[in-house]
Amino acid sequence: MRRVSSWLLLILLSGFCLPKSAAQCPDRPESGTVVNDPFSLSAQNGSLSAQLVLARSVDNNGYTHYCYKYNTPSGIAEAPTFRLNPGDHLLLDVVNQITGGNSSKMKMNMPAASSKTCGDGGPMTLESTNVHFHGLNVPPVCHSDDVINTLIQPSTPGFHYDVQIPLTEPPGLYWYHPHIHEFTEFQVNGGAAGAIIVEGMEKYRPEVAGLTERVFVIRQQYLVPWIPGPYQLTINYQVAAFLAPKQPSR
């Protein structure tokens, strides 16, 4: 009975997938091709400005992809790497385009916040989003790293972040991703995440100066985010393997 229930739940949750034609994410790299570094943006004169568009689509294998799209002169890049220095400002505009499904029926009405609503307000749903700057020592306030009161709803002009990297921020690898309460896993497991690099490691470890640097973001996506089951493992979005956990013996 437990196995039957699991499959019923799998079918029900699959109903949240969108047609592939809706809010199309960029095609993922072909299996077996060279794994390239993500597209990279570097701060200039103390700031880095960018606009990301959050979209969603379903691939030929049934996996629902969420993606951060960035327009470049040669086309759309997915989840660019942000390169910043201590003291820089990350000026980030985020537009939510994950519309068109029936996922708004699944929502969470939160109690009134003690502080002022940041962003669009409204209920938290599978189509709401925001951004968390994971690991950075930045304050949880509006237009920075507040993920409790900040909501970016679909079909609105978007939301502006102004995140100042502290002068004391240790150099290293950090990352950005959505952090909607109760619905984070759909967007993060779907691939909406990118790297942040705070430069200056050679000042602490001079032996790394001049070494070739590669950025690998490893993602694991379940076919249905809430159910451990068939998943795809990717390196910079290139599928590394299609794996299925072994069924427990009974």
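Residues numbered from 1 in each chain as written. Predicted model: local features only at pLDDT ≥ 70, side-chain atom pairs only at ≥ 80, totals over all residues. Heavy atoms only, no water.

### Observations regarding the confidence of the model for the protein
Consideration 1: Chain-level pLDDT for the protein is 84 on average; 80% of the residues reach the 70-or-more range.
Consideration 2: Counting interchain partners and residues more than four positions distant, the pLDDT-below-50 stretch residues 1–22 has 29 contacts.
Consideration 3: Below pLDDT 50 for its whole length, residues 242–250 participates in 12 contacts with residues either more than four positions away or in separate chains. (pLDDT = per-residue confidence, 0-100. Contact = heavy atoms within 4.5 Å.)

### Focus on a nonpolar patch on the surface
Consideration 1: On the surface, Met201, Tyr204, Val208 and Leu211 cluster together into a nonpolar patch covering about 410 Å² of accessible area.
Consideration 2: Mapped onto the elements, Val208 comes out in the loop between helix H3 (201–204) and strand S15 (218–224).
Consideration 3: Here Val208 falls in the partly exposed class, since its relative accessible area comes to 32%. (Patch = residues over 30% accessible without salt bridge, like charges linked within 9 Å, V, L, I, M, F, W, Y side chains within 5 Å. Areas by Shrake-Rupley, 256 points an atom, 1.4 Å probe, with all protein chains shown as cover. Salt bridge = Lys/Arg side-chain N within 4 Å of Asp/Glu carboxyl O. Helix = DSSP H or I, 4+ residues; strand = E, 2+ residues; numbered from the N terminus. Buried < 20%, exposed > 50% of the residue type's maximum accessible area, 1.4 Å probe, protein only.)

### So, the pattern of salt bridges
Consideration 1: Overall, the coordinates contain 6 salt bridges when judged by the stated rule.
Consideration 2: Between Asp37 and Arg214 there is a salt bridge; the shortest N-O distance is 2.7 Å. Of this pair, Asp37 sits in the loop between helix H1 (2–14) and strand S1 (40–42) while Arg214 sits in the loop between H3 and S15; the two residues are 177 residues apart in sequence, bridging distant segments of the chain.
Consideration 3: On the basis of relative accessibility, which here comes to 33%, the residue Asp37 falls in the partly exposed class.
Consideration 4: Beyond isolated ion pairs, a larger network of salt bridges with shared partners links Arg83, Glu199 and Glu213.

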